[in-house]
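Coordinates in review
Listed here are the chains, written in short residue letters.
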Amino acid sequence: MAADHTPKIVGTVWGLLVLNTLGSAGAKTIVPLPRSLIQMVTMGALVAAFTLALAVNLRLRIRASAFVFLLTLLLVPSVISSADLESGFGALFRCARLALFVGTLWLLSRWWDGGLTFVRHHIRMYFAVLGSVAAGLAISPGAALPDLYGGRLVGALWPLTPPQIGQYAAVIIGLTVLLVLGRRTDRGSAAVVIVPSLVLLALTHTRTATIGLLVGLALAIGSLVLTSAAARRFFAWAVVCATVAAVAFSSALRAWFLRGQSQENFSNLTGRAKVWDALLAAPRMTSEYLFGAGLGDKSFGGLPIDNSWLAVYQEQGMTGVALVAAVVVVLGGVALLRPPSLSRACAIFLISYCAIASYTEAGLGDASPYLLHLGVAASLLAAPAAAPALPTPEIPLRRIPRRARRTEVT
């Protein structure tokens, strides 16, 4: 497997998984897209991804992966809680979607070898998504910056919310910065990705993505400081620039961070805390406490939960919470045990970003971009498979004539 080159079709499969996790709810687009059509496209992308992954891995070669194994176990509480149809037939449909998603990851695990292949696929695919956002902004600024979202950037061609766009921008910015520090890409190519992504991130006014980017990069670069002079220089300059910006632009940064909200609204996380309190206070039977109420749309009482841990608790119970926590702990533990390297730094960035975002965003318990981020981290932490030993050719024994043997003895 170490000698296997990753087929180009694997990049296509990863792109289809990205398309599947874009979702079907969001802002109004320039050309109205029926939700049923969007769901047909996204679900069709997942079926196509599984089919192509199976076609390129017909022998069903897979690599042992604690990450995908734990996701497979997560299907158990998902199916148990969804089987009674308390959340409707949509819950079983979401279980089937999660099963296909996890099955595709198993098929792709054959090419998880600790290299940067999936990092590059990840950057390319999400940069293409951001390209569609930029195109929508150029075509119709009014639709891309609607008053409904407080003038924050949304997807005008495909229904994407500001947090989604901010997430995609932050992730590819962080990964590209690390590739530059590791000298795996040139600065010109990196600037083409980083500069427009930073602009889009700023237009989304997404605090979670910004904090996740900064903290994730700090941890990732910190893991390289002892072994990389470039990382030490970048870290020093980043600290200096951040200090200057904090002093010189403190009022502007505070205004951007508050997004025009009152201090009270900001303190209860834009109303999220009220939903969380109501969810935790709701009475539950033992079965619901253990296995949840079934996969749904990550809402409670008609309002979005916007917290991965509480969404998992609501839909997959404490069993799901324990499994998701095990995913994060296992990946984080393996990353800490690996020797310093660029792959390890990229994995640390993705794991820390997902951990931070899980507080105000849902998605760790279902097919989502966050599981794709963690999938890339798992591919980076996989140990390269040892090359199979070449068989030693047998040397035929030469028969020595009896007369020659007598001469040797003499």
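See the structure above.
Residues numbered from 1 in each chain as written. Predicted model: local features only at pLDDT ≥ 70, side-chain atom pairs only at ≥ 80, totals over all residues. Heavy atoms only, no water.

**Regarding the overall build of the chain**
Each helix and strand counted, the chain has 18 helices and 2 strands in total. At a minimum sequence separation of 6, the contacts of the chain that also span at least 24 residues come to 76%. A total of about 20,300 Å² of accessible surface is found on the chain, and carbon and sulfur atoms cover 68% of it. (Helix = DSSP H or I, 4+ residues; strand = E, 2+ residues; numbered from the N terminus. Contact = heavy atoms within 4.5 Å. Areas by Shrake-Rupley, 256 points an atom, 1.4 Å probe, with all protein chains shown as cover.)

**With respect to unusual backbone geometry**
What is expected of a backbone is that most residues other than glycine have negative phi and most peptide bonds are trans. Of note in this structure, His205 is not a glycine but carries a positive phi near 55°. For His205, a relative accessible area of 24% corresponds to the partly exposed category. One non-glycine residue, Lys298, adopts positive backbone phi at about 60°. Relative to the elements of secondary structure, Lys298 occurs in the loop between helix H14 (286-291) and strand S1 (299-300). (Buried < 20%, exposed > 50% of the residue type's maximum accessible area, 1.4 Å probe, protein only.)

**Quick word on the packing of aromatic side chains**
Geometry of an aromatic ring pair is reported as the spacing of the ring centres plus the angle between the planes. Within the structure shown, the criterion is met by 6 aromatic pairs. Both rings, one in Trp112 and one in Phe118, keep their centres 6.5 Å apart while their planes meet at 85°; by these two values the pair is edge-to-face. Taken individually, Trp112 and Phe118 each receive the classification buried, so the pair is uniform in this respect. Taking the centre distance of 4.7 Å and the plane angle of 25° together, the rings of Tyr126 and Tyr168 count as stacked. Placement of Tyr126 in helix H5 (residues 117-139) and of Tyr168 in helix H7 (residues 162-181) is noted, with a sequence separation of 42 residues between them. (Phe/Tyr/Trp six-rings, centres within 6.5 Å; stacked < 30°, edge-to-face > 60°.)

**Some remarks on H5**
A rise of 1.5 Å per residue sets the reference length of H5, with its 23 residues, at 33 Å; its end C-alpha atoms lie 33 Å apart and thus fit the reference within 8%. Listing the buried residues of H5 in full gives Phe118, Val119, His121, His122, Ile123, Tyr126, Val129, Leu130, Val133, Gly136 and Leu137. Close packing links the buried residues of H5 with helix H1 (8-20), helix H4 (89-108), helix H6 (141-144), H7, helix H8 (187-204) and helix H17 (369-381). (Expected span 1.5 Å × (residues − 1).)

**A look at a positive patch on the surface**
Together, Arg183, Arg187, Arg232 and Arg233 line one region of the surface with positive charge. Within the secondary structure, Arg232 is located in helix H10 (residues 229-248). Judged by its relative accessible area of 39%, Arg232 falls in the partly exposed class. (Patch = residues over 30% accessible without salt bridge, like charges linked within 9 Å, V, L, I, M, F, W, Y side chains within 5 Å. Salt bridge = Lys/Arg side-chain N within 4 Å of Asp/Glu carboxyl O. Lys, Arg positive; Asp, Glu negative; His and termini not counted. Charge placed at Lys NZ, Arg CZ, Asp CG, Glu CD.)

**A short note on the side chain of Thr161**
In this fold, Thr161 is placed in the loop between H6 and H7. Apart from residues lying up to four places away in sequence, Thr161 is in contact with Ala25, Gly26, Tyr149 and Leu153.

**Here's the deal with a nonpolar patch on the surface**
Nonpolar side chains collect at one region of the surface, where Ile30, Val31, Leu33, Leu37, Met40, Val41, Ile139 and Leu157 lie side by side and expose about 680 Å² of accessible area between them. A total of 3 residues in the nonpolar patch trace back to one element, the largest contributor, which is helix H2 (residues 35-56). Structurally, the position occupied by Leu157 is in the loop between H6 and H7.

**Quick word on the layout of surface pockets**
Estimates place the volume of the second largest pocket at around 940 Å³. Along the wall of the second largest pocket there are 23 residues; nearest its centre are Leu198, Thr210, Leu213, Leu214 and Ala242. Of all the secondary structure elements, the ones that give two or more residues to the lining of the second largest pocket are H7, H8, helix H9 (207-222), H10 and helix H11 (250-258). Class assignment for the residues of the lining of the second largest pocket results in 22 nonpolar, 1 polar and no charged. (1 Å grid on protein atoms, 1.4 Å probe; cavity = no way out; pocket = protein on both sides within 12 Å on 5 of 7 lines; lining within 4 Å. Points joined across faces, edges and corners; volume = space filled by probe spheres on them. Nonpolar A, V, L, I, M, F, W, Y, C, P; charged D, E, K, R; others polar.)

**Re the packing of H1 against H4**
One way to put it is that H1 packs onto H4 with a least axis distance of 12 Å and a crossing angle of 155°. One element, H1, and the other, H4, form an angle in the roughly antiparallel class. Of the two elements, H1 crosses H4, and the hand of that crossing is left-handed. Residues Val10, Val13, Trp14, Leu17 and Asn20 of H1 touch H4, and the partners they reach there are Arg97, Phe101, Thr104, Leu105 and Leu108. Class assignment for the residues of the contact of H1 with H4 results in 7 nonpolar, 2 polar and 1 charged. (Axes fitted to C-alpha atoms, helices over the stretch in contact; angles between N-to-C directions. Parallel < 35°, antiparallel > 145°, perpendicular 65-115°, else oblique. Left-handed = near helix turned anticlockwise from the far one by under 90°.)

**Points about the environment of Glu315**
You can see Glu315 is positioned in helix H15 (residues 308-337). With 17 residues separating them along the chain, Glu315 and Lys298 place their C-alpha atoms 7.8 Å apart. When neighbours within four sequence positions are excluded, Glu315 is seen to be in contact with Ser81, Phe291, Gly292, Ala293, Gly294, Leu295, Gly296, Asp297 and Lys298.

**Details of the pattern of salt bridges**
Taken as a whole and judged by the stated rule, the model has 3 salt bridges. Between Asp306 and Arg272 there is a salt bridge, with its nearest N and O atoms 3.5 Å apart. Note that Asp306 is positioned in the loop between strand S2 (303-304) and H15 and Arg272 in helix H13 (residues 272-281), a separation of 34 residues in sequence. Here Arg272 falls in the buried class, since its relative accessible area comes to 17%. Residue Glu315 pairs with Lys298 through a salt bridge whose shortest N-O separation is 3.1 Å. Taken together, the residues Glu315 in helix H15 and Lys298 in the loop between H14 and S1 connect sequence positions 17 residues apart. The buried category is assigned to Glu315, whose relative accessible area is 3%.

**Some thoughts on the packing of H9 against helix H16 (residues 342-357)**
Closest axis-to-axis distance for the H9/H16 pair is 8 Å, and the angle between their directions is 145°. Considering the relative orientation of H9 and H16, their crossing is right-handed. For the pair formed by H9 and H16, the contact residues are Thr208, Ala209, Ile211, Gly212, Leu213, Val215, Gly216, Leu217, Leu219 and Ala220 on the first element and Ala345, Ile348, Phe349, Ser352, Tyr353, Ile356 and Ala357 on the second. In terms of residue class, the contact of H9 with H16 is made up of 13 nonpolar, 4 polar and no charged.

By themselves, these figures tell us nothing about what the structure is for.
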